[in-house]
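In case you want the letters, here they are:
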Amino acid sequence: MTFVPHGKHLIAGEWIGSSETFASAPTRGPAYQFSVGSTDLVARACEAAEDAFWTYGYSSRKSRAALLDMIADEIEMRSDEITEIGAQETGLPESRLQGERGRTTGQLRLFAQHIREGGYLDRRIDAAVPDRKPLPRPEIRMIQRPIGPVAVFGASNFPLAFSTAGGDTAAALAAGCPVIVKGHSAHPGTAEIVAEAIHAAVQKSGAPVGVFSLIQGGKRDVGQALVQHPLIKAVGFTGSVGGGRALFDLCAQRPEPIPFFGELGSVNPMFLLPGILTSRAEELGHNWAGSLTMGAGQFCTNPGIVIVVDGSDADRFVEAARYALSQIKPQTMLTEGIAKSYRIGKARLEGRASVKSILAIESQGRDAAPSLYETTGEAYIRDRVLSEEVFGPLGLVVRVSGIDEMMRLARGLEGQLTATIHMDNDDIDHAQVLRPVLERKAGRVLINGFPTGVEVVDSMVHGGPYPASTNFGATSVGTLSIRRFLRPVAFQNFPDALLPADTY
């Protein structure tokens, strides 16, 4: 069955059109017209979310878990249509979208089970000590409580797992917070059909209709109005450093500043220590090429920088990577804008005297061909431009003079989502020195792996120091992400009849 979008916004249970529209830009198949968002729609959605919060924010964990499970069920009921419209809009292969859909529904069900168990509430109880001298101690109970309506910005590179029903939405709903999603114009049809699934689940569960809204398209004023609306209490965002920083600043400048949980830019450096480079240079080069080009390099954990000690082993690694990349055909990127930015990033590197081109196939239109460059450690440390993310299948090899220069480069890194050490038993001494540096720089540190897979589990951290994210104490993946939309409240000397149910 073919899904044909109607192109409307979902505002508190109603599908609402706008007089102004925009056309989708699919890689194949028909283009559709979608309503453009407005500041008036933002206000309506925010007011409905606040009304819903007075019911939903105080609902039971059991009922919220049931809603999350229902959303997962409704998404799976539309699985073929979601795959079809998603592939048309993004150019991603069907297998990738099927996997991402499974990740999305699995995440919803994981969060449902997590809140049923209740450990995320971090309940703490200090009993009263009435005979303490010189003053008695009251009974104090602390628990995490939902903060209120949350704004979520859909991501361009993950139309399912980081968008309409993705991690931010699932975490906020699990916490007890209504959600308003600002859909990404790269995949509005995918956003619409997933919103239909959420809407159906809301209706079946009996949750208040204002618990979820989707606003499509819109100019910059729509996003600004959303983060600045006084009823919004937090924002979840996945996107560029420039766009995220602009929204972050708006959140901070509000009369009531609110947290902005932005996942922004990261080059995800990999450090190849001398021992493993000697024994496995060709294998590492081949495997890096596969990770670098996965999804046309449009993963936020794409390992774009590799640091190696200069020499013949580094030569073998570079040649293996070059050959493997040369065998990979150009891939379709998510949008024309992303493809253009990729070409600009390549040109930025090619224009520097300190950068040597190893593989630079011309990219045209919406396609991206793999690219490989190399530079020296001295140049990388001196030239900040070399450390800027190029979103796409582009790798930069940094040849350092030795372990001392490798350590100097590591200490100078900006915040990262991931950092990887490749090592064998002979490299343990170097790794012990490198590890504490990298744990200060990244939210996730890997040994002998590639970071392009992000497991949705209790222990995952998908975040890091700025500019990887705007809040180094949070994660946008895993059950810990629910805590972003909660705050601790202490209840002192409360009779049992007045305590929230979860406090005992």
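Scroll up a little and you will see the structure.
Considering the packing of helix α2 (residues 61-77) against helix α3 (residues 79-90)
Here's step 1: At a closest axis distance of 5 Å, the pairing of α2 and α3 adopts a crossing angle of 70°. Considering their axes alone, α2 and α3 lie roughly perpendicular with respect to each other. Seen from α2, the contacting residues are Ile 75, Glu 76 and Met 77; seen from α3, they are Ser 79, Glu 81 and Ile 82.
Here's step 2: Looking at the contact of α2 with α3, its residues break down into 3 nonpolar, 1 polar and 2 charged.

Considerations on the packing of aromatic side chains
Here's step 1: For the coordinates displayed, the defined rule picks out 12 aromatic pairs.
Here's step 2: An aromatic cluster is defined as three or more aromatic residues linked by ring pairs; in this entry it consists of Phe 153, Phe 237, Phe 248 and Phe 260.
Here's step 3: For the cation-ring pair, Arg 96 lies above Phe 158, with the distance from its terminal atom to the ring centre recorded as 4.8 Å.
Here's step 4: Positioned above the aromatic ring of Phe 261 is the side chain of Arg 484, whose terminal nitrogen or guanidinium carbon lies 5.8 Å from the ring centre.

Remarks on the nonpolar core
Here's step 1: Among the nonpolar cores identified, the biggest contains 57 residues, and Leu 68, Ile 71, Ile 75, Val 194, Phe 212, Ile 482 and Phe 485 are the most heavily contacted of them.
Here's step 2: Among the elements that make up this core, the one with the highest residue count is helix α6 (residues 188-205) (8 residues).
Here's step 3: Discounting chain neighbours no more than four positions away, the residues touching Ile 71 are Leu 108, Leu 173, Ile 198 and Ala 201.
Here's step 4: Counting residues in hydrophobic clusters, the runner-up holds 39 residues, among them Val 400, Ala 419, Leu 434 and Leu 438.

Things to note about the side chain of Ser 291
Here's step 1: Here Ser 291 is to be found in helix α9 (residues 274-293).
Here's step 2: Using a relative accessible area of 4% as the deciding quantity, one classes Ser 291 as buried.
Here's step 3: A polar contact of 2.9 Å, which involves the side chain of Ser 291, links it to the side chain of Thr 452.
Here's step 4: If we ignore the near neighbours within four places in the chain, the residues touching Ser 291 are Asn 302, Pro 303, Phe 450 and Thr 452.

A word on helix α14 (residues 428-441)
Here's step 1: End to end, α14 covers 20 Å across 14 residues, agreeing with the expected 20 Å (1.5 Å per residue, within 8%).
Here's step 2: In α14, a bend of some 30° at Leu 434 exceeds every other bend along the element, and Pro 436, a proline, comes one to four places later.
Here's step 3: Those residues of α14 that sit buried are Ala 431, Leu 434, Val 437, Leu 438 and Lys 441.
Here's step 4: Lining the buried residues of α14 we find β12 (270-272), α13 (403-411), β19 (416-422) and β20 (442-447).

Focus: the sheet that holds strand β21 (residues 486-492)
Here's step 1: Pairing within the open sheet is antiparallel, and its 3 strands lie in the order β5-β6-β21. Strand pairing shows two members of the sheet lacking a second neighbour, β5 (124-126) and β21, which therefore form its edges. Between one strand axis and the next, the sheet turns through 25° on average, direction left out of account.
Here's step 2: Relative to strand β6 (residues 140-146), β5 is paired through 3 bridges, and the arrangement is antiparallel. Among the inter-strand pairings, Arg 124 is bridged to a residue of β6, identified as Met 142.

Quick notes on the state of the cysteines
Here's step 1: Within this structure, the stated rule accounts for 0 disulfides.
Here's step 2: Cysteine Cys 46 remains unbridged, with the sulfur of Cys 251 as its closest cysteine sulfur at 12 Å.
Here's step 3: Here Cys 46 falls in the buried class, since its relative accessible area comes to 0%.
Here's step 4: With no disulfide of its own, Cys 300 lies closest to Cys 251 among cysteine sulfurs, the gap being 20 Å.
Here's step 5: Given a relative accessible area of 9%, Cys 300 falls into the buried group.

Criteria and cut-off values
- Residues numbered from 1 in each chain as written.
- Predicted model: local features only at pLDDT ≥ 70, side-chain atom pairs only at ≥ 80, totals over all residues.
- Heavy atoms only, no water.
- Axes fitted to C-alpha atoms, helices over the stretch in contact; angles between N-to-C directions.
- Helix = DSSP H or I, 4+ residues; strand = E, 2+ residues; numbered from the N terminus.
- Parallel < 35°, antiparallel > 145°, perpendicular 65-115°, else oblique.
- Contact = heavy atoms within 4.5 Å.
- Nonpolar A, V, L, I, M, F, W, Y, C, P; charged D, E, K, R; others polar.
- Phe/Tyr/Trp six-rings, centres within 6.5 Å; stacked < 30°, edge-to-face > 60°.
- Lys NZ or Arg CZ within 6 Å of the ring centre and 35° of its normal.
- Core = buried A, V, L, I, M, F, W, Y, C linked by side-chain atoms within 4.5 Å.
- Buried < 20%, exposed > 50% of the residue type's maximum accessible area, 1.4 Å probe, protein only.
- Polar contact = N/O pair within 3.5 Å; in protein donor to acceptor, adjacent residues only side chain to side chain.
- Expected span 1.5 Å × (residues − 1).
- Bend = angle between axes of the 7 residues up to and from the residue.
- Pairing = 2+ DSSP bridges.
- Disulfide = S-S within 2.5 Å.

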